Amino acid sequence: MFRSKLQWSEVTPREVFVNRRRLLSGAGATFALSGSGVALRAEAHRSPYSTDEPPNSLDQITRFNNFYEFGPDKEDPVRHAGALTTDPWAVVIDGLVERPGRYDLADVLSGRVLEERIYRLRCVEGWSMVIPWIGFELRGLLARVGVQPSARYVAFETLLRPEEMPAQRTGLLDWPYREGLRLDEAMHPLTLLATGLYGETLPNQNGAPLRLVVPWKYGFKSIKSIVRITLTEELPVTTWNRMDPSEYGFYANVNPEVDHPRWSQASERRIGGGFFAPRIPTEMFNGYGEEVGTLYAGMDLRVNY
Ligand SMILES: Nc1nc2c(c(=O)[nH]1)N[C@H]1C(S)=C(S)[C@@H](COP(=O)(O)O)O[C@H]1N2
Ligand SMILES: [Mo]
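Not measured: the values here are computed from a predicted model. (Residues numbered from 1 in each chain as written. Chains lettered and ligands numbered in written order. Predicted model: local features only at pLDDT ≥ 70, side-chain atom pairs only at ≥ 80, totals over all residues. Heavy atoms only, no water.)

Topologically, N65 is positioned in the loop between α2 (58-63) and α3 (76-80). Reaching out from N65, the side chain makes a polar contact with the backbone oxygen of I61 at a distance of 3.0 Å. The contact partners of N65, leaving out residues within four places of it in the chain, are D73, K74, P77, Q205, N206 and K224. (Helix = DSSP H or I, 4+ residues; strand = E, 2+ residues; numbered from the N terminus. Polar contact = N/O pair within 3.5 Å; in protein donor to acceptor, adjacent residues only side chain to side chain. Contact = heavy atoms within 4.5 Å.)

This next bit is on the site of ligand 1. Near ligand 1 there are 17 residues, and of these N65, Y68, E69, T158 and K224 occur at the shortest range. One of the backbone nitrogen or oxygen atoms of N66 is found 3.2 Å away from a nitrogen atom of ligand 1. The separation between an oxygen atom of ligand 1 and a polar side-chain atom of R211 is 3.0 Å. If ligand 1 stood free it would expose 540 Å²; the protein chains cover 99% of that surface. Taken together, the residues of the shell around ligand 1 sort by class into eight nonpolar, six polar and three charged. (Near = heavy atom within 4 Å. Areas by Shrake-Rupley, 256 points an atom, 1.4 Å probe, with all protein chains shown as cover. Nonpolar A, V, L, I, M, F, W, Y, C, P; charged D, E, K, R; others polar.)

Both strand β5 (residues 90-95) and strand β6 (residues 101-104) contribute to a ladder of four bridges, which runs antiparallel. Looking at the pairing, V91 lines up with Y103 of β6. Where β5 folds back on β6, the antiparallel hairpin that results is connected by five residues. Alignment of β5 against strand β14 (residues 226-232), held across four bridges, turns out to be parallel. When the bridges of β14 are listed, I93 appears paired with I229. (Pairing = 2+ DSSP bridges.)

What follows concerns the nonpolar core. Core analysis: the biggest nonpolar cluster contains 77 residues, and W133, F156, L193, L212, W216, I229 and L231 have the highest contact counts within it. A per-element tally of this core places strand β8 (residues 127-137) first, with six residues. With residues up to four places along the chain from it excluded, the contact list for W216 reads E185, H188, L190, T191, N253, V254, F285, N286, Y288, V292, L295 and Y296. (Core = buried A, V, L, I, M, F, W, Y, C linked by side-chain atoms within 4.5 Å. Buried < 20%, exposed > 50% of the residue type's maximum accessible area, 1.4 Å probe, protein only.)

Now for unusual backbone geometry. For the bond running from D87 to P88, omega is 10 degrees, close enough to zero to count as cis. Position of P88 relative to the elements: it lies in the loop between α3 and β5. Note that the residue after W175, namely P176, is joined by a cis bond; omega there is -10 degrees. Relative to the helices and strands, P176 is located in the loop between β9 (153-158) and β10 (178-182). With a phi angle near 50 degrees, Y198 is a residue other than glycine that sits in the positive phi range. Here S225, not a glycine, exhibits a phi torsion of approximately 45 degrees, which is positive.

Before going further, it helps to examine the side chain of T51. With respect to the secondary-structure elements, T51 resides in the loop between β4 (38-44) and α2. Among the polar contacts listed, one links the side chain of T51 to the side chain of E53, at a separation of 2.6 Å.

The next thing to look at is the UniProt feature "binding site: Mo-molybdopterin" (unreviewed entry) in the protein chain. According to UniProt, the "binding site: Mo-molybdopterin" (unreviewed entry) feature falls on N65, Y68, E69, C123, T158, N206, R211, S222, I223 and K224. Its relative accessible area of 3% is what places N65 among the buried residues. Among the structural elements, N206 can be located in the loop between β12 (200-201) and β13 (211-213). For N206, the contacting residues outside a window of four places in its chain are I61, T62, N65, L197, R211 and K224. (UniProt positions renumbered as here; feature names shortened; annotations may be inferred.)

Let's shift gears to the packing of aromatic side chains. By the definition in use, this model includes eleven aromatic pairs. Here the aromatic rings of F64 and W127 are separated by 4.9 Å at their centres, their planes lie at 85 degrees, and the arrangement is edge-to-face. In this pair, F64 is assigned in the loop between α2 and α3 and W127 in strand β8, connecting sequence segments 63 residues apart. Take F64 and W127: they sit in the same class, and that class is buried. Judged by centre distance (6.0 Å) and plane angle (85 degrees), the rings of Y153 and F250 are edge-to-face. (Phe/Tyr/Trp six-rings, centres within 6.5 Å; stacked < 30°, edge-to-face > 60°.)

It is worth spelling out the pattern of salt bridges at this point. By the definition in use, this model includes 19 salt bridges. Here D76 makes a salt bridge to R79, at a shortest N to O gap of 3.1 Å. With D76 and R79 both in helix α3 and three residues apart, this pair spans about one turn of that helix. We classify D76 as buried; its relative accessible area is 8%. The exposed category is assigned to R79, whose relative accessible area is 56%. A salt bridge links R228 to D94, with the shortest nitrogen-to-oxygen separation between them at 2.5 Å. (Salt bridge = Lys/Arg side-chain N within 4 Å of Asp/Glu carboxyl O.)

Structure representation (structure tokens):
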């Protein structure tokens, strides 16, 4: 097994280069920002994958969360996630890879290009936000560890640490939280591993220090606080699908035409719009159909929901 020489705790704060759009700074072509962990030097440059929609405020993004390890309510994560230790942090990358190992987060990040991606996030519950993530493409990391030809899926696991994650001391979910993607979904350039948002280190309630972001799928696929990434031949077991397969499919692509058994998915409430703001229509693949539609060519999305 590969063993890390770099330690996350020794390299923070570190400086990385980030593409970031100009409107957040309003001035200068280049500027530096310092977070508690990862310091960022940002360049005024916008990713073609970023939406032009106005991002939600930092307050909205960090005070209205789903992170069941800290409790089922939207304010539970902001209340309890501060106690989570995110340094030191390591990620086991194993299964059908050429270079399996327990990689310190510093190793996971080394050589990765961090950039800003402003994505829509659509929760299966019917609300949405626009979030300016900082992260890197998962495919770059997978290429570096070497995917074996027999691999077909990627499985992810969240930290299991009931001492710091109070709801893990209950049976609220089947812990640890698990998610998975088909390999081609994992290799898609839209699929990110996020380490920050709004130009700063990722807040704990948003899945520090490393979380998945898959913007064309319902939010529950975007698993937080990842400690394990496993390449497999078989379809991974995933938390919500296992909890209720009739309500939560493995694919979980945002689809306004396939309703949740208990509510419509045709529209959504954009957080921050105010109580009287009209719901907005939900878009197929959350508006990323041009990028990802071909991944599902020939598939019946009513069956593979
Ligand atoms: N480990 C873990 N990851 C998780 C969740 C969770 O409860 N536990 N909730 C998911 C759901 S339902 C959503 S909508 C998003 C919310 O991400 P955010 O709080 O950063 O907006 O995280 C997803 N990732
Ligand atoms: Mo969600």
